[in-house]
Amino acid sequence: MPGYRLSKVIVIAHRGASGERPEHTLESYQLAIDQGADYIEPDLVMTRDGVLIARHENEIGGTTDVADHPEFADRKRSQIIDGETMSGWFTEDFTLAEIKTLRARERLPELRPQNRAFDGKVFVPTFDEILQLANDTNRRRDGAPRIGVYPETKHPAHFAGIGLPQELAVLRSLERFDYGGTGSPVFIQSFDPNNLRQLRGMTQLPLVQLLEHELGDLRLIAEYADAIGIAKSLASREGVTAAHEAGLAVHVWTFRAENEFLPDDLKIGNSPAGHGNLEAEIERYLSRGIDGFFTDFPAIGVRARNAAEGAPVPTFPPSTRRTSR
Ligand code: G3P
Ligand code: CA
């Protein structure tokens, strides 16, 4: 088995158990861990004082209550990020202490109305707090596999350009929490090949090239990466085989239970927010030989993976809701 193709398909909790809790909160990661996810996935951006925090993008108007804070009204601005004009509030304009005065919000309130119960109650975590959560779990697990961590650098060129490079900060945090050594359950992912090439010169940890529109030159990618993280549209059987032949593991995103995200034949009912047959969708991709997948619903992902591999279907303890920090 070449490189980082592991002995079992890995379930990666996409932004935590983000189908059931606001994404990128400790509550979301905790639920993912409780549900048996192998890896938790933080997207990472920087604060003004150089702290890595978990947000999908550096604009935080969509996933926090920053717009309700009059003291931050004058921070609203527009800028071009990765070639796109963005307007709102940006993490690089806030210190960590200021970020901690905000509360997280559900990104998709129409599709996930039940998650709105957490709006205003949950915080934006630092990468270190997420790693601490993983370590706290590892200590309690007593011999069971460690929780894996699958961080993504978001907008790395933008942050490097304003004097807030992410690479060393990510590696130092991983080392601080005992995730820096060879063999640690870690994948570092990015859409930016330059960022990955830079990381390749700094670490032996496995790197993942994210791809959305085409697979590209897989042999070239294999020079600096160990896996590809690809959109479902790219995950044909032929594509998966080609990646494996290039020595790359294949992880696929993103599996979501709402009808809105499912193919027509797996929808149940007419409501976009209703849940269809996600387990069947995951099975289709597992049959193509993928090595892992990102899902907003890790409980369903673990069930589908275990069913496909003939493992016993686990029963999960009730979620232990954390007090937010
Ligand atoms: O990182 C895999 C997948 O999460 C990439 O998409 O936009 O959800 O970060 P995104
Ligand atoms: Ca991501």
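The structure presented is a predicted model; accordingly, all values stated were derived computationally and were not measured. (Residues numbered from 1 in each chain as written. Chains lettered and ligands numbered in written order. Predicted model: local features only at pLDDT ≥ 70, side-chain atom pairs only at ≥ 80, totals over all residues. Heavy atoms only, no water.)

Caption draft 1: How the structure looks around the coordination of the calcium ion (ligand 2). Listed as protein donors to the calcium ion (ligand 2) are E41 (OE), D43 (OD) and E152 (OE); their distances from the metal cover 2.2 to 2.3 Å. Coordination at the calcium ion (ligand 2) is irregular, judged from the six donor atoms that bind it and the angles of 57 to 162 degrees they form at the metal. Each donor residue of the calcium ion (ligand 2) lies on one chain, and together they are spaced E-x1-D-x108-E. With E41 in strand β2 (residues 39-41) and E152 in strand β8 (residues 152-153), this pair connects stretches of sequence that are 111 residues apart. For the pair E41 and E152, one class covers both residues: buried. (Donors = N, O, S within 2.8 Å, 3.2 Å for Na, K, Ca; no water. Tetrahedral: all angles 85-135°; square planar, octahedral: opposite > 155°, others 65-115°. Helix = DSSP H or I, 4+ residues; strand = E, 2+ residues; numbered from the N terminus. Buried < 20%, exposed > 50% of the residue type's maximum accessible area, 1.4 Å probe, protein only.)

Caption draft 2: Here's a closer look at the packing of aromatic side chains. On inspection of all chains with the given rule, the structure shows eight aromatic pairs. Aromatic pair Y150 and F294: ring centres 5.1 Å apart, planes at 70 degrees, arrangement edge-to-face. Residue Y150 is located in the loop between β7 (148-149) and β8, and its partner F294 is located in strand β13 (residues 292-295); the two are separated by 144 residues in the primary sequence. Look at F255 and Y285: their rings are 5.2 Å apart centre to centre, the planes differ by 75 degrees, and that puts the pair in the edge-to-face class. Placement of the pair is F255 in strand β12 (residues 249-255) and Y285 in helix α9 (residues 278-286), with a sequence separation of 30 residues. The exposure classification of F255 matches that of Y285, with both residues buried. An aromatic cluster of at least three residues, connected via ring pairs, comprises Y39, Y150, F187 and F294. Seen from the ring of F94, R75 lies directly overhead, with NZ or CZ sitting 5.0 Å from the centre. When the ring centre of F255 is taken as origin, the NZ or CZ atom of K232, which lies over that ring, is 5.0 Å away. (Phe/Tyr/Trp six-rings, centres within 6.5 Å; stacked < 30°, edge-to-face > 60°. Lys NZ or Arg CZ within 6 Å of the ring centre and 35° of its normal.)

Caption draft 3: Here's a closer look at unusual backbone geometry. T254 follows W253 through a cis peptide bond whose omega is -10 degrees. Residue placement: T254 occurs in strand β12. Positive phi values are uncommon outside glycine, yet H155 reaches one of about 55 degrees. With respect to the helices, strands and loops of the structure, H155 is situated in the loop between β8 and α4 (156-161). Backbone geometry at D178 places phi at a positive 65 degrees, although glycine is not the residue there. Counting through the fold element by element, D178 comes out in the loop between α5 (167-176) and β9 (188-190).

Caption draft 4: Structural detail: empty space enclosed by the protein. Enumeration over the complete set of coordinates arrives at one cavity of 30 Å³ or more. Its boundaries defined by the atoms lining it, the largest cavity holds a volume of some 30 Å³. In terms of lining, the largest cavity is formed by H14, R15, S18, E23, R107, L108, R112, R256 and D296. Of the residues in the lining of the largest cavity, the class split is one nonpolar, two polar and six charged. (1 Å grid on protein atoms, 1.4 Å probe; cavity = no way out; pocket = protein on both sides within 12 Å on 5 of 7 lines; lining within 4 Å. Points joined across faces, edges and corners; volume = space filled by probe spheres on them. Nonpolar A, V, L, I, M, F, W, Y, C, P; charged D, E, K, R; others polar.)

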